Amino acid sequence: MMDIKRVISTIEKNYITNNLKKGERIDGRGLWDYRPFCIKTDTISSAEGSADVTLGDTRIITGVKYDIGEPFPDLPNEGVCTIMAELLPLASPLFERGPPDEESIELARVVDRGIRHADCVQTQKLCIKEEKAVYILFVDMYVINHGGNMIDCGGVSALAALISSRIPKGEWVDEVPRWTGKYLNGKELINELPLAITFGKIDDIIFLDPSLPEELVSDGRITLSVTEKEITSIQKSGIATFTIEEIKMLGEKALEIAKNLREELNIWQYVKNST
Amino acid sequence: MTLLIQDEYPKKLLRDDGLRLDGRGLTDLRPIKMEVNVIKNADGSAYIEWGNNKIFASVYGPREVHPHHLAKPDKGILRVFYRMATYSVFERKRPAPGRREKEISMIISECLEPVLFLELYPGTSFEIFIEVIDADGGTRCASTTVAALALADAGIPMRSLVTSCAVGKVDGQLITDLSGIEDKAGDSDMPCAITWFNNEISLLQFDGKMNQEEMTKSLDMLKDALEKIYHMQLDALKSKYIQIQEGIQQ
């Protein structure tokens, strides 16, 4: 594996590109293969829900916390789910300290949009009393090691953390929210499972799940978040350009890949009981 | 924050049978698990589970100082960044580092610096990033212990390891290794760290009340606890090389 540098040598770039042209990748995968996913949930005892997900060398630990606040005036009976990402400087020499930079905001926003535009988080179930009290869920993703394609890893990590959550269930008594003694679990909180599927592009070659060396030499990438039947968000980033035909092809490809991945990961197995 | 379940502390921290709420005896440590080389991108890294505390540490360096004006022409600098994840505590923490995190970063940095040969690395910096992803009392001790492991894992020359643990007092009894509840509701708390090359205390804070006799006794209890944890650190470092050796033999 090559060292992590901001600038990649021509010889390394050529090595990766020439292999891709032959349909081969430096880690032995095919063009449309993911690196192995590994999911562990319920790893953080202080969080209401948590997931430790690795995709190859990329590792993201996500925790879910809640607060109770007033709803937005235009959505009086809906709770709020916010997604944040931290690219910890401990995870890569490429990450710097300080307030969130473009890359971490993009990661959080792409994962957020994929989830928001699907029928995923059931915000109406996050209401305790109309116009008075709703849940605000905080889904915070922490990157522990950066091995490329943080978006797909983060998407699975956020989803697994939400599905394995147990949020204390509230009722409205004497003008204040009170705990009923039960919990909202993943079954009640989540419906559809949107997955973010990211493709890299070097010259005119497109491939799934770029690893860090591939990401560093590629011209750009495109992420499609898809549910079972629909595309819920797309993000093209980097200086790569895509033809209309390529985008059509990737839409179809993403739905097919997500279907297989959804079956393979079986994220519903992480639901916890509500009592 | 408005939460449905409140973080309440019991009135008594010792049970009728004299044991602590989690079933430990007065001088027992919580279960500790350490591992090195857990973050591939870092020059050195380590992970510790100490009771419910879960902490990662990674080390980068010697590398160029950024911002440049912090560089010293006669020696390297050590910078420690202790941070807590938003979800590591009962009430969600704000993402930006607070005063507490900055203070702890400083005392850990000053505690570790005596074991390094910074004079051999003029104009460079060593950075230790510590991320607490789950917290339950004693995170500064666990962080110091795991940071020393990460430095050793990075192969940075050290005079010795550094080991840290807390002693304190609850319900009038001296105890070793305070848990989260014991720390918040107890009478006193004294986190300490030792640098083994000179057997001296390199981190010391104290909050609460103790008389002279109790102070003497708690420092003796501390010595025993630190010895135990030191051996766990050595085992964690060795196990990395045992794994490599076994890999080659296969």
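What to know about the overall build of chain B
Next, step 1: When helices and strands are counted, chain B shows 4 helices and 9 strands.
Next, step 2: Ordered by position from the N terminus, the helices and strands of chain B form the series β-β-β-β-α-β-α-β-β-α-β-β-α.
Next, step 3: Computed over its C-alpha atoms, the radius of gyration of chain B comes to 19 Å, within 12% of the 18 Å expected for a compact globule of 250 residues.
Next, step 4: A separation of at least 24 residues holds for 69% of the contacts in chain B among residues at least 6 apart in sequence.

Quick word on the interface of chain B and chain A
Next, step 1: Chain B puts 26 residues into the contact, and the matching count from chain A is 31 residues.
Next, step 2: The set of elements that each furnish at least two residues to the side of chain B that touches chain A consists of β3 (53–64) and β5 (124–134) of chain B.
Next, step 3: The element that contributes the greatest number of residues to the side of chain B that touches chain A is β5(B), accounting for 4 residues.

With respect to the packing of helix α1 (residues 99–112) of chain B against helix α2 (residues 139–153) of chain B
All names here are of chain B.
Next, step 1: Remark: α1 packs on α2, axes separated minimally by 10 Å, with the N-to-C direction vectors making an angle of 45 degrees. In terms of axis orientation, α1 runs oblique to α2. α1 and α2 meet at a crossing whose hand is right-handed. Together, Ile-104, Ile-108, Cys-111 and Leu-112 of α1 and Arg-140, Ser-143, Thr-144, Ala-147, Ala-148 and Leu-151 of α2 make up the contact between the two elements.
Next, step 2: In terms of residue class, the contact of α1 with α2 is made up of 7 nonpolar, 2 polar and 1 charged.

Observations concerning the sheet that holds strand β9 (residues 195–202) of chain A
Residue and element names in this part refer to chain A.
Next, step 1: In spatial order, the strands read β10-β9-β11-β12; together these 4 strands make up an open sheet with antiparallel pairing. Strands at the two margins of the open sheet, each flanked by one partner only, are β10 (205–208) and β12 (231–238). The sheet shows a mean angle of 20 degrees between the axes of neighbouring strands, taken without regard to direction.
Next, step 2: Inspection of the sheet shows β9 paired to β10 by 4 bridges, in the antiparallel sense. Looking across to β10, one finds that Phe-199 is bridged to Leu-208.
Next, step 3: Lying on the sheet, helix α2 (residues 102–116) is in contact with β9, β11 (220–226) and β12; it crosses β12 at an angle near 160 degrees.
Next, step 4: Across the sheet, helix α3 (residues 150–163) touches β9 and β11, and the angle it forms with β9 is around 175 degrees.

How each quantity is defined
- Residues numbered from 1 in each chain as written.
- Chains lettered and ligands numbered in written order.
- Predicted model: local features only at pLDDT ≥ 70, side-chain atom pairs only at ≥ 80, totals over all residues.
- Helix = DSSP H or I, 4+ residues; strand = E, 2+ residues; numbered from the N terminus.
- Rg over C-alpha atoms; globule rule 2.2 N^0.38 Å.
- Contact = placed C-beta atoms within 7 Å.
- Axes fitted to C-alpha atoms, helices over the stretch in contact; angles between N-to-C directions.
- Parallel < 35°, antiparallel > 145°, perpendicular 65-115°, else oblique.
- Left-handed = near helix turned anticlockwise from the far one by under 90°.
- Nonpolar A, V, L, I, M, F, W, Y, C, P; charged D, E, K, R; others polar.
- Pairing = 2+ DSSP bridges.

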